[in-house]
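# Notes for the structure review
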Amino acid sequence: FFFTSIQTFAQTADYFKKVPMKQLLQIVKAEDELRYDKTLEDLMRNKNPFVRKRAALAAGRIGDADAIPMLSRLLDSDLEDVQQMAAFAIGEVESIEGAKAILNALNYHNGLKTNARAVEAAGKIAAAKPESEEAKKLGKAILSTLDSTITQNFPKLNNENRELQNQLIMLGLTATLRAKPEGAENTLAKFLTYSDWRIRADALNTLARLRAKNVNEKASELLSKDENPIVRANAARVLGTANYEAALDLILDKALNDNDLRVRINSIRVLSSFKNEKISEKLLTRAEGLFTDYKRSKYKNPSEENELLTIASTLGTTLKGSNNQRAVKFLDEFRKLKKHTSPEIEIALVRISPKVFAETKLPEDIDWKGTSGFTAGLSEAVDLEESNEDAENLRKIAKVVLGTFIKNANLSNTEVDKSFPDVLNAYAKFKTDDLSKILLDSLKFDDVIIRTTAANLLGEIKPENPEQAKEIYRALSNALSKARTDKLNDASLGILDALKKQYENRPRPQTEKFPYFTPFISAIESPDYLIRRKAAEIYKGFDIPKPDPMTAGSMDFKPYEIPKDFGVIKFLPDAKDGAKSRVVRVDYKRALSRKNGEVKAVLKTDKGEFTINFFPEEAPLTVDNFINLANSGYFDGLEIHRVVPNFVVQDGDPRGDGSGGPGWQIRDEINQLRYERGMVGMALSGKDTGGSQWFVTHSPQPHLDGGYTIFGKVNETDMKVVDNLVRGDKILSVKIFEKGLNK
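Every residue gets a number counted from 1 within its own chain, in the order that chain's sequence is written. This being a predicted model, a pLDDT of at least 70 is required before a residue's local features are given, and a value of 80 or more before pairs of side-chain atoms are given or counted; all residues contribute to the totals for chains, interfaces and linings. The side-chain quantities take in all heavy atoms of the structure and omit both hydrogens and water.

A helix here means a DSSP run of H or I that spans at least four residues, while a strand means a run of E at least two residues long, and both kinds are numbered starting from the N terminus. Looking only at helices and strands, one finds 33 helices and 12 strands in the chain. Between buried and exposed lies partly exposed: a residue is buried under 20% and exposed over 50% of the maximum accessible area for its type, with that area taken using a 1.4 Å probe on protein chains only. With 743 residues in all, the chain has 57% of them scored as buried. By definition, residues are in contact when any of their heavy atoms lie within 4.5 Å. By sequence separation, contacts in the chain at least 24 residues apart represent 69% of the contacts at least 6 residues apart. As presented, the chain carries roughly 32,600 Å² of accessible surface, and 48% of it is formed by carbon and sulfur atoms. Note that accessible areas follow from Shrake-Rupley with a 1.4 Å probe, and for residues the cover is restricted to the protein chains shown.

Structural data, given as C-alpha cells:
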C-alpha cells in the first residue's frame with residue numbers, strides 16, 4: 001500500500017477522493033474514545049492517502065505508544081503529506097519510543113514539510129523525557145536542522161518553498177524552547193537578522209524563555225528600530241530576563257511612549273527587573289494620566305485598566321518596602337474604585353506599604369471577587385521581609401482575618417462564597433497548627449471547587465505520625481466516594497493526587513497494614529475516563545499489582561448505551577434555568593459535515609461585536625461543542641474572567657473564578673494550525689479537559705502550538721474589539737450563523 005514513487009500527494013488527489021464519511025466516522029469515534037486498535041491501524045494501511053493521513057492524526061491524538069511502529073512506517077516510506085502527518089502524530093504521542101523514527105527522518109528526509117514536522121516532534125519528545133540520552137540526541141538534531149537553514153541559498157527558493165522553509169524554522173525555534181539543548185543561544189542568535197519578522201519574533205521569544213544573555217546588543221537594536229511591534233515586544237522581554245542595565249533608558253522610553261500597547265505592556269513588565277527610582281516616578285506619571293482617562297471613561301470596565309494593572313504590578317516590585325506615598329495614593333484610590341476586585345493592586349500595595357494595607361476598611365457591600373482580591377493581598381504578607389515590623393503586624397492581622405472568615409463560613413450553604421478557595425490557599429501559606437483540621441473540615445463542603453482546593457492542600461501536608469496519616473487518608477477516601485456524584489470531576493482528580501502524595505509521604509516504618517490502594521481500585525472503575533486515567537497513572541507509578549490498565553482512558557467501561565453514529569452523551573444546562581438539564585449527543589455526522597468558512601459565531605460584548613470564524617474540519621467536535629453551548633444560551637451574560645495583556649482573553653466559565661465548566665470534558669483535537677494573533681483555543685487544566693472555557697490570543701504564542709486545540713480565528717479588524725476587553729466585561733450574547741442561516 002505504501003507509495004514510494006516520487007508522485008506527489010497533489011497528483012493523487014484526483015484519483016483518491018477525500019476521506020469518505022464511513023471511514024471518517026470510524027476514525028473520529030476511535031479518537032473520541034481514545035481507542036487505538038486494529039481498526040485504526042488498518043485505516044493507516046488504506047489505499048487512500050487521505051485516509052492514511054487522517055488516521056495517523058487520530059493515532060497522535062489518542063497518544064498510545066502502540067501506534068509508534070505503524071506511524072514510523074508511514075514516516076519512512078509514504079507520500080510526503082502522509083509522512084509529515086506521521087511525524088506530527090509521533091510528536092503528539094510524546095513517547096521516547098518515537099525518537100529513533102524522528103532522528104532518522106531528520107537525517108535522511110529532504111522534504112521541507114516532513115522535516116518541519118519532524119523537528120517539531122523532536123522538541124515534544126525531548127521535553128517529555130528531558131534527562132534521557134535520546135532527548136540529548138534530539139536536541140542536537142534540532143540545532144543541526146536550524147543551522148542548515150542558515151547555510152542554504154535562500155534566493156534559489158521559490159515562494160512556496162520559502163514559505164515551507166520559514167515554517168521549518170519557526171517549528172524548529174519552538175522545538176528548541178521545548179528541548180533546551182546545550183548551546184542553543186548561539187544558533188538562535190543567527191535568526192535575529194532574518195528578513196521575516198515572525199522568525200525574528202519567535203527567535204526572541206525562545207531566547208527570552210531560555211533567559212539568554214548573549215544577544216543584548218542586538219535585542220536593544222530591535223527594540224529601538226524594528227518596524228514590527230511583536231518583534232519590539234519580544235526584544236524587551238529578552239532584555240528584561242537578561243537584566244541588561246545598559247538598555248534601561250530604552251526600555252523605559254518604550255514603556256511610556258511606544259505607539260503599540262503590546263510593546264508598552266511588555267516593556268512595563270520587564271522594568272520590574274530593575275529597582276530604580278527614576279523608573280517608578282515616570283511610571284507613576286504615566287499611571288496618573290491613564291487613571292484620569294480611566295475615571296472619565298463611558299465604560300464600566302475601561303480599556304485603560306489592562307495597562308494600569310500592569311503598571312501597578314511593576315510598581316509593587318520596583319518600590320517594594322519604600323512606603324512611597326505617591327504610589328500608595330494612586331493604588332489606594334484605584335483599589336477602592338475597583339472595590340478590591342483586582343489582586344494585582346492589592347499585592348502591589350502590600351509590597352509597598354504593609355502598614356497602609358493593614359489599615360484597610362472593607363466596604364460593607366464587598367462581593368466575593370473583592371474578598372478574593374483582598375485575600376491575595378493578605379497572603380502576600382507571608383513573603384515580606386521578616387525583619388519589617390509593619391510586615392510582621394500585617395501577618396498577625398492576616399491570620400486573624402482569614403481564620404475568622406473560615407470559622408464563619410456556612411458549611412450547609414450550597415451557594416457558598418466563591419472566594420473561599422482563595423481564602424484556604426492564603427491561610428495555608430501561614431502554616432498554622434490548625435491547618436490540617438480546617439482542611440479536613442473543608443472536605444465536607446458541597447461546593448466541588450472548595451473540596452478540590454482542600455484536597456490539593458492536604459496533599460502537601462507531611463503527617464507527623466501514623467495516626468495523622470491515617471486520619472487524612474480516611475478523610476480523603478471518604479471524600480472521593482462523595483465526589484462520585486459530582487457533576488464536575490475536579491474534586492475526584494484533586495483527591496486522587498492528594499492520596500498519591502499522602503501515600504508517598506506516609507510515616508515509615510508502618511506498624512500495621514493499611515488499605516492505601518482501596519480508593520485507587522474504586523477510581524479505576526469510574527465512568528469518567530479522566531478519573532480512570534489518573535488512577536491508572538498512579539498505579540503505574542507505584543508499580544504494584546493492579547486491575548487491567550487498559551480500562552483507563554478507554555471507553556471499555558460504558559455508563560451509557562451510545563446510539564449508532566453518536567458520540568458521548570452530555571447534559572447541557574438549560575438556557576433559562578441552570579438547575580435543569582437536557583441530553584445532548586455529539587452527532588458525529590453533523591460535526592463532520594461542516595466545512596471551514598461555512599460556520600461562525602458573532603459575539604456581542606460591552607465593547608462591541610467580534611466574529612469567530614470556525615475551523616470545523618480541523619476540530620469538528622470542539623466546534624460542535626461550542627455551537628451546542630452557544631445555541632443553549634450558555635455563554636450569554638458570562639463575564640470575561642481572565643485577561644493577560646499581550647497574551648490572551650479568556651471566557652466561558654459560569655462560576656467566574658476560572659474553575660467552572662459545563663459538567664463534561666471534550667477530547668483535545670490538536671491540529672497543525674499555529675497560534676497566530678486572533679486564534680481561538682480551548683483552555684485546559686490537563687490533557688483532554690476542555691469543556692466550555694476558551695481564549696483568544698492577542699499575539700503569536702508559539703509555545704501553545706500542539707498543546708491546545710485551535711478551533712477558530714478572529715480577524716484583524718475584530719481584534720480591535722478583543723484588544724479593548726478587560727476582566728469583568730461581559731459576553732452579552734453569542735449567535736451562531738451556519739451556511740448563512742441564523743441559528
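The sheet contact formed by strand β3 (residues 599-605) and strand β4 (residues 608-614) spans six bridges and is antiparallel. Its bridge partner lying in β4, Thr-605 is registered against Gly-608. Examined bridge by bridge, β4 and strand β10 (residues 710-713) share two bridges and lie antiparallel to one another. Across the sheet, residue Phe-614 finds its bridge partner in β10, namely Gly-712. Two strands are counted as paired when DSSP detects at least two bridges linking them.

Attention now goes to the packing of aromatic side chains. Under the pairing criterion, centres of Phe, Tyr and Trp rings, with the six-membered ring standing for Trp, must be within 6.5 Å; the plane angle then separates stacked pairs below 30 degrees from edge-to-face pairs above 60, leaving the rest tilted. All told, the structure shown has 18 aromatic pairs when counted by the stated rule. With a centroid separation of 5.7 Å and an interplanar angle of 85°, the aromatic rings of Phe-291 and Phe-330 are classed as edge-to-face. Linking Phe-291 in helix α17 (residues 277-296) with Phe-330 in helix α19 (residues 325-337), this pair joins segments that are 39 residues apart in sequence. Residue Phe-291 shares its accessibility class with Phe-330, and that shared class is buried. If you follow Arg-667 out to its NZ or CZ, it ends over the ring of Tyr-529, 3.7 Å from the centre. Whether a charge sits over a ring depends on NZ of Lys or CZ of Arg being within 6 Å of the ring centre and within 35 degrees of the ring normal.

Here we come to the pattern of salt bridges. Opposite charge on two side chains lets them pair, provided their charged atoms get close. For salt bridges, the criterion is a side-chain nitrogen of Lys or Arg within 4 Å of an Asp or Glu carboxyl oxygen. For the coordinates displayed, the defined rule picks out 56 salt bridges. For Arg-286, the salt bridge is made with Glu-307, and the minimal N-O distance between the two is 3.1 Å. With Arg-286 in helix α17 and Glu-307 in helix α18 (residues 305-318), the pair connects residues that are 21 residues apart, well separated along the chain. In this structure, Lys-429 engages Asp-383 in a salt bridge whose closest nitrogen and oxygen atoms are separated by 3.2 Å. Of this pair, Lys-429 sits in the loop between α24 (420-428) and α25 (435-442) while Asp-383 is found in the loop between α22 (368-380) and α23 (389-408), placing the two residues 46 residues apart along the sequence. Where salt bridges share partners, they join Arg-198, Asp-202, Arg-674, Glu-676 and Asp-705 into one cluster.

In this section: the confidence of the model for the chain. Values of pLDDT, which run from 0 to 100, indicate the predictor's confidence residue by residue. Across the chain, pLDDT averages 89, with 88% of residues at or above 70. In the predicted structure, residues 547-566 sits below a pLDDT of 50 and forms 43 contacts with residues beyond four places in sequence or in another chain.

In this section: the environment of Asn-306. Examined against the element boundaries, Asn-306 turns out to sit in helix α18. Separated by 337 residues in the primary sequence, Asn-306 and Val-643 place their C-alpha atoms 7.9 Å from one another. Setting aside its immediate chain neighbours within four residues, Asn-306 contacts Ile-265, Val-643, Pro-645, Asp-723, Leu-725 and Val-726.

Along the chain, Arg-674 falls in the loop between β7 (648-651) and β8 (679-682). Taking relative accessible area as the criterion, Arg-674 reaches 8% and is therefore assigned buried. A distance of 3.1 Å separates polar atoms of two side chains, one belonging to Arg-674 and the other to Asp-705. Setting aside residues up to four positions removed in sequence, Arg-674 forms contacts with Met-170, Leu-171, Thr-174, Arg-198, Asp-202, Met-679, Pro-702, Asp-705 and Ile-710. Counted as a polar contact is a pair of N or O atoms within 3.5 Å, where, for protein atoms, one must be capable of donating a hydrogen and the other of accepting one, and residues adjacent in sequence contribute only when both atoms are in side chains.

Another aspect to go through is helix α14 (residues 229-241). Multiplying 1.5 Å by the helix residue count minus one yields the expected span of that helix. Given a rise of 1.5 Å per residue, 13 residues ought to cover 18 Å, and the 19 Å separating the end C-alpha atoms of α14 matches this to within 8%. Every buried residue of α14 is listed here: Pro-229, Ile-230, Val-231, Arg-232, Ala-233, Asn-234, Ala-235, Ala-236, Val-238, Leu-239, Gly-240 and Thr-241. For α14, the secondary structure elements touched by its buried residues are α12 (197-209), α13 (216-225), α15 (248-257) and α16 (261-270). Following α14 by one or two positions, Asn-243 has its phi on the positive side, about 50°.

This brings us to the packing of α17 against α19. When two helices pack together, you describe them by how their axes are tilted relative to each other and by the distance separating the axes. Viewed as axis vectors pointing N to C, α17 and α19 meet at an angle of 30°, and their least axial separation amounts to 11 Å. In terms of orientation, α17 and α19 fall into the roughly parallel class. Crossing of α17 against α19: the hand is left-handed. Packed against α17, whose contacting residues are Glu-281, Leu-284, Thr-285, Ala-287, Glu-288, Phe-291, Tyr-294 and Lys-295, the element α19 presents Arg-326, Ala-327, Phe-330, Glu-333, Phe-334 and Leu-337 at the interface. Here the residues of the contact of α17 with α19 are counted per class, giving eight nonpolar, one polar and five charged. Every axis in this analysis is a line fitted to C-alpha atoms, fitted for helices over the stretch in contact. Angles between the N-to-C directions lie between 0 and 180 degrees. Roughly parallel refers to an angle under 35 degrees, roughly antiparallel to one over 145, roughly perpendicular to one between 65 and 115, and oblique to any angle outside these ranges. Crossing handedness is read from the near helix: turned anticlockwise from the far helix by less than a right angle, it gives a left-handed crossing, and turned clockwise, a right-handed one. Ten residue types, Ala, Val, Leu, Ile, Met, Phe, Trp, Tyr, Cys and Pro, are classed as nonpolar, four, Asp, Glu, Lys and Arg, as charged, and the remainder, Gly among them, as polar.

Let us now look at the pairing of strand β11 (residues 730-738). Judged from the seven bridges that link them, β3 and β11 form a sheet pairing that is antiparallel. Within β11, the position partnered with Leu-603 by the bridge is Val-734. Bridge count for strand β5 (residues 638-639) against β11 is two bridges, and the pairing is antiparallel. Following the sheet pairing, Leu-638 is matched in β11 by Ile-731.

Its 15 residues give helix α28 (residues 490-504) an end-to-end C-alpha distance of 21 Å, which sits within 8% of 21 Å, the value for a rise of 1.5 Å per residue. Along α28, the positions that sit buried rather than exposed are Ala-491, Ser-492, Leu-493, Gly-494, Ile-495, Leu-496, Ala-498, Leu-499, Gln-502 and Tyr-503. For α28, the secondary structure elements touched by its buried residues are α26 (448-459), α27 (466-483), α29 (518-523) and α30 (529-542).

Turning next to the side chain of Asn-205. Of note, Asn-205 is situated in helix α12. Those residues in contact with Asn-205 that sit more than four places away from it in its chain are Leu-177, Asn-234, Arg-237 and Pro-702.

Further remarks concern unusual backbone geometry. One non-glycine residue with positive phi stands out, namely Asn-243, at about 50°. Summarising the element assignment, Asn-243 is placed in the loop between α14 and α15. With a phi angle near 55°, Asn-323 is a residue other than glycine that sits in the positive phi range. Examined against the element boundaries, Asn-323 turns out to sit in the loop between α18 and α19.

Bringing the packing of helix α10 (residues 159-179) against α12 into the picture now. Remark: α10 packs on α12, axes separated minimally by 9 Å, with the N-to-C direction vectors making an angle of 5°. Here α12 runs roughly parallel to α10, going by the angle between their axes. Only Arg-198, Ile-199, Asp-202, Ala-203, Asn-205, Thr-206 and Arg-209 of α12 make contact with α10, whose side of the interface consists of Asn-166, Ile-169, Met-170, Leu-173, Thr-174, Thr-176 and Leu-177.

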